[in-house]
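# Observations on chain architecture
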Amino acid sequence: MPELFPLPTHVSTSIGCLALSPSFTITLKGPPSPPSTAGFLLEQAAKRYEKIIASDATKPSAYYTCATAPSALPSLVIAVPTAAATAVDIPALEDDESYSISVDNSTASLKAASVWGAMRGLETFSQLLVRDDTLGATVVGSGSVLVQDFPRFRHRGLMIDTSRRYLTVGAILEALDAMAYAKLNVLHWHITDDQSFPLEVAAFPRLSGRGAYNAGHKTHVYSPAAVQTIIRAASARGIRVIPELDMPGHTHSWFKGHPELETSCPTATAQFGHPMNPVSPVVDAFVRTLWHEVNSAFPDHYSHIGGDEVSGECWGANAVIRAYMLEHFSNASDFGSLQAVFESKVLHGNQQDGKASVLWQENFGDRRTAGYPPGTVVEIWKGNSSVASETMRSVNVAGYETIFTCKEWYLNYQPWAHSARLDDQAEWEAVYNVEPLVLTLNTTADSLVQGAEACMWAPYQDTTNFMTTTFPRALAVAERLWSSRATRNITDAITRVSALRCRMLARGLPIPPVNSGGWGTGVLRGDFCPTPFAVGAGYESPYV
């Protein structure tokens, strides 16, 4: 059985062997697609995977010997509906990512309902291939293969934090490749926080001009061109990009260039204790202008406005805000409702831009969400997986869509959180064993769960170690979100993810082992890779 990761819905094989022709190509049925269409991105993906397959052929993921003389496989033919090929070149939450692969009698076909499903199928096809050193050829290690596959969840994300530690554009592009190989389809980009404001904003140049690291030199900022490079690279891999500007808390970096946004309260001492002024017309106008520019730059339907960990201490110490609360609320200490007033204005502003918004779970509650526009999504994050899942179901019962994450999926936690040893696979297993839907309710409530994501907050992670601390644990999350709920065999998963890790090494990505090479008798473990990773060789993304 091929070592496929994430595990597809259905795989069947027969005994035999097919060798790729030296002139093997990936072709698309139908006429060429013009630029700015999804079909054009699929044509680029086909060329990219021709290069990937050729690279995998010279850097095998595993040794293999055909049991029978192989037949020749000249090409893989991809077919998607014309409407899908001519659709807009931006992936969306509602896209159908299902696909099927058939390999038999020297023919190989990939059929998908959308371009994005075809991209998922291309990765699976590449994982069917192994190197036969005796023949000196890349082969499909079966006489025939049938794969039928679709994802369990629509939103399968990785959150990156570029405020606490700056990630270069190259590092983000590298992460996008790794995500695509694992069928993750959402980059949740937590752009700003207390530590820095690295996004160039034309309307307010002082935000990054004074709020970014190395302010004034533009070495740690994302220009509009850099943002579009990331978005285009993500779309080319079927990955959505959701921007997050966290507010009204976590905004100290904003105040370096715009002190007028800060609540005045010199006595506040709480962590995250100086949020924006939620009742200031100046703040309202500033935030609306800012989000309008950001919403124009990011094409996804969703924007994330944060809203987590806001301390009310500062608001309570401000005379103007106290007066507002006494006038509008029966409880002058109801800071949650005060925050909801602020968030509601931001949400409705985003709605004017044609966007729906995502908020962290602190913003959920009967009074708080009463003024939120339809389509607002609540992201759950507090507690371990059991606690977070229970919280999520209460939000779903109230009729809101959700995105799930939890303590086990906060990848910035140190590896010894679950194991006393760095060379133990217990950490990976702990991530793999999380189940987002601990409580299965009913079809309506379950359909409100968009999906989930791993989060890599960056107090210690920057370009130098981002990949090696994010992966391979993010791969565990990827299978949990793509494969069926019944996919639980940890021994099988370790074998399959180790094979993917070897392929990722061959493709130039520095992915660490899942487990150790063993002590004792020196038994070879499953994550041994025949091709050593070229340390220091540098990463070159297989772009077309």
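Described in the following lines is the structure provided in the data block. Quick caveat: nothing in here was measured; it's all calculated off a predicted structure.

### Overview of the overall build of the protein chain
Scanning the protein chain from N- to C-terminus turns up 17 helices and 17 strands. Considering only intrachain contacts with a sequence separation of at least 6, the fraction spanning at least 24 residues in the protein chain is 77%. With an accessible surface of roughly 21,100 Å², the protein chain has 56% of that area assigned to carbon and sulfur atoms.

### Let's talk about the packing of aromatic side chains
According to the stated counting rule, one finds 14 aromatic pairs in the structure shown. When the ring of Tyr324 is compared with that of Phe329, the centres are 6.3 Å apart and the planes differ by 75°; the resulting orientation is edge-to-face. Looking at Tyr324, the relative accessible area reads 22%, which means it is partly exposed. Look at Tyr410 and Trp457: their rings are 5.9 Å apart centre to centre, the planes differ by 55°, and that puts the pair in the tilted class. A residue pair is termed long-range when its members are at least 10 positions apart, and Tyr410 in the loop between strand E16 (401–404) and helix H13 (426–432) and Trp457 in the loop between strand E17 (449–456) and helix H15 (466–470) qualify at 47 residues. The exposure class assigned to Tyr410 is buried, which follows from its relative accessible area of 9%. Three or more aromatic residues link up through ring pairs in this structure, and these residues are Tyr166, Trp189, Tyr222 and Phe298. Its end group placed over the ring of Tyr432, Arg480 keeps NZ or CZ at 4.5 Å from the ring centre. Taking NZ or CZ as reference, Arg507 lies 4.6 Å from the ring centre of Tyr181, over its face.

### Notes on helix H6 (residues 224–235)
For H6, spanning twelve residues, the distance from its first C-alpha to its last is 16 Å, which sits close to the expected 16 Å at 1.5 Å a residue. Taken together, the buried positions of H6 are occupied by Ala226, Val227, Ile230, Ile231, Ala233, Ala234 and Ser235.

### Concerning unusual backbone geometry
A cis geometry characterises the amide bond from Met247 onward to Pro248, with omega recorded as 5°. Position of Pro248 relative to the elements: it lies in the loop between strand E12 (240–245) and helix H7 (252–255). Note that the residue after Phe471, namely Pro472, is joined by a cis bond; omega there is 10°. Note that Pro472 resides in the loop between H15 and helix H16 (473–482). Positive phi outside glycine occurs at Ser36, with the angle close to 70°. Within the element layout of this structure, Ser36 appears in the loop between strand E2 (18–28) and helix H1 (38–58). In this model, Asn214 sits at a positive phi of 55°, which is unusual for a non-glycine residue.

### A look at helix H12 (residues 385–397)
A rise of 1.5 Å per residue sets the reference length of H12, with its 13 residues, at 18 Å; its end C-alpha atoms lie 18 Å apart and thus fit the reference within 8%. Taken residue by residue, H12 has Ser385, Ala388, Ser389, Met392, Arg393, Val395 and Asn396 as its buried positions. Down the axis of H12, the smallest arc covering the buried residues is 160°, so these residues share one side. For H12, exposure combined with an orientation more than 90 degrees from the buried face picks out Glu390 and Val397.

### Points about the state of the cysteines
Per the counting criterion, the structure on display carries one disulfide. Note on Cys406: no disulfide assigned, nearest cysteine sulfur contributed by Cys455 at a separation of 9.0 Å. In this structure Cys455 comes out as buried when scored by relative accessible area, which is 0%.

### A word on the nonpolar core
Ranked by internal contacts, the top residues of the largest apolar core, which has 127 residues, are Phe125, Trp189 and Trp254. A total of nine residues in this core trace back to one element, the largest contributor, which is helix H4 (residues 169–181). Beyond its immediate chain neighbours, meaning those up to four positions away, Trp254 contacts Thr192, Phe197, Leu207, Leu245, Asp246, Met247, Leu261, Met276, Phe286 and Leu290. Among the nonpolar cores identified, the runner-up in size contains eight residues, and Leu93, Ile242, Val358 and Ile403 belong to it.

### Focus on the pairing of strand E8 (residues 137–140)
Side-chain alternation along E8 places Ala137 and Val139 on one buried face and Thr138 and Val140 on a second face that is also buried. Pairing analysis gives two bridges linking E2 to E8, with the strands arranged antiparallel. Counterpart to Ala19 in the pairing with E8 is Val139. Note: strand E7 (residues 129–132) against E8, four bridges, orientation antiparallel. For Asp132, the partnering residue across the bridge sits in E8 and is Ala137. The antiparallel hairpin formed by E7 and E8 contains four residues in its connecting segment, where Gly136 sits at a positive phi of about 65°.

### Concerning the side chain of Lys355
On the secondary structure map, Lys355 appears in the loop between helix H11 (335–352) and strand E14 (356–360). With no salt bridge to any partner, buried Lys355 finds its closest opposite charge in Asp300, at an N-O distance of 6.6 Å. Among the polar contacts made by the side chain of Lys355, one reaches the main-chain carbonyl oxygen of Phe298 at a distance of 2.6 Å. Engagement of the side chain of Lys355 in a polar contact is seen with the backbone oxygen of Asp300, the distance being 2.4 Å. Apart from the residues within four sequence positions on either side, Lys355 is in contact with Asn295, Phe298, Pro299, Asp300, His301, Ser303 and Asn350.

### As for the pattern of salt bridges
Throughout the structure, instances matching the rule amount to 19 salt bridges. Residue Lys218 pairs with Glu200 through a salt bridge whose shortest N-O separation is 3.9 Å. Here Glu200 lies in the loop between strand E11 (186–192) and helix H5 (206–211) and Lys218 lies in the loop between H5 and H6, a separation of 18 residues in the sequence. With a relative accessible area of 22%, Glu200 lands in the partly exposed category. A salt bridge links Arg488 to Glu435, with the shortest nitrogen-to-oxygen separation between them at 2.4 Å. Linking Arg488 in the loop between H16 and helix H17 (490–506) with Glu435 in the loop between H13 and helix H14 (443–447), this pair joins segments that are 53 residues apart in sequence. Linked through salt bridges whose partners overlap, the residues forming this network are Arg152, Glu435, Arg485 and Arg488.

### Considering the packing of helix H10 (residues 319–328) against H11
Between H10 and H11, the shortest axis-to-axis distance is 11 Å and the interhelical angle comes to 95°. One way to sum up the angle between H10 and H11 is to call them roughly perpendicular. Across the interface between the two elements, Ile321, Tyr324 and Met325 from H10 touch Phe335, Leu338 and Val341 from H11. Across the contact of H10 with H11, the residue classes tally to six nonpolar, no polar and no charged.

Cut-offs applied
- Per chain, residue numbering runs from 1 following the sequence as it is written.
- Whole-chain, interface and lining totals are the exception, using all residues; otherwise, since this is a predicted model, local features are given only for residues with pLDDT of at least 70 and side-chain atom pairs are given and counted only at 80 or more.
- Calculation of side-chain values draws on the structure's entire complement of heavy atoms; hydrogens and water are dropped beforehand.
- Strands are runs of DSSP state E lasting at least two residues, helices are runs of H or I lasting at least four, and both sets are numbered from the N terminus onward.
- Whether two residues are in contact is decided by their heavy atoms: any pair within 4.5 Å suffices.
- Using the Shrake-Rupley algorithm and a 1.4 Å probe, accessible areas are obtained, with residue cover drawn only from the displayed protein chains.
- Stacked, edge-to-face and tilted are the three classes for Phe, Tyr and Trp ring pairs, Trp counted by its six-membered ring, which pair at centre distances within 6.5 Å; planes under 30 degrees apart are stacked, over 60 edge-to-face, the rest tilted.
- Burial classes: relative accessible area under 20% of the type maximum marks a residue as buried, over 50% as exposed, and values in between as partly exposed (1.4 Å probe, protein chains only).
- Note on criteria: charge over ring means Lys NZ or Arg CZ within 6 Å of the ring centre, with the direction from the centre no more than 35 degrees off the ring normal.
- The length a helix should cover is 1.5 Å for every residue beyond the first.
- Picture the helix axis, draw a direction to every C-beta atom, and the arc is the one those directions span.
- Here, two cysteine sulfur atoms that lie within 2.5 Å of each other are counted as a disulfide.
- Here, nonpolar core means buried Ala, Val, Leu, Ile, Met, Phe, Trp, Tyr and Cys residues that are tied together by side-chain atoms lying within 4.5 Å of each other.
- Two strands pair under a simple rule: DSSP has to find at least two bridges between them.
- Counted as positive: Lys and Arg. Counted as negative: Asp and Glu, with His and the chain ends omitted from the count.
- The salt bridge criterion pairs a side-chain nitrogen of Lys or Arg with a carboxyl oxygen of Asp or Glu, the two atoms within 4 Å.
- In protein, a polar contact means a hydrogen-donor-capable atom and an acceptor-capable atom, both N or O and within 3.5 Å, with residues adjacent in sequence counting only if both atoms are side-chain atoms; elsewhere, any N or O pair within 3.5 Å suffices.
- Note on geometry: axes are C-alpha line fits, over the in-contact stretch for helices, and angles between N-to-C directions span 0 to 180 degrees.
- In this scheme, roughly parallel covers angles under 35 degrees and roughly antiparallel covers those over 145, while 65 to 115 is roughly perpendicular and the rest are oblique.
- In the scheme used here, Gly and all other residues not listed as nonpolar or charged are polar, with Ala, Val, Leu, Ile, Met, Phe, Trp, Tyr, Cys and Pro taken as nonpolar and Asp, Glu, Lys and Arg as charged.

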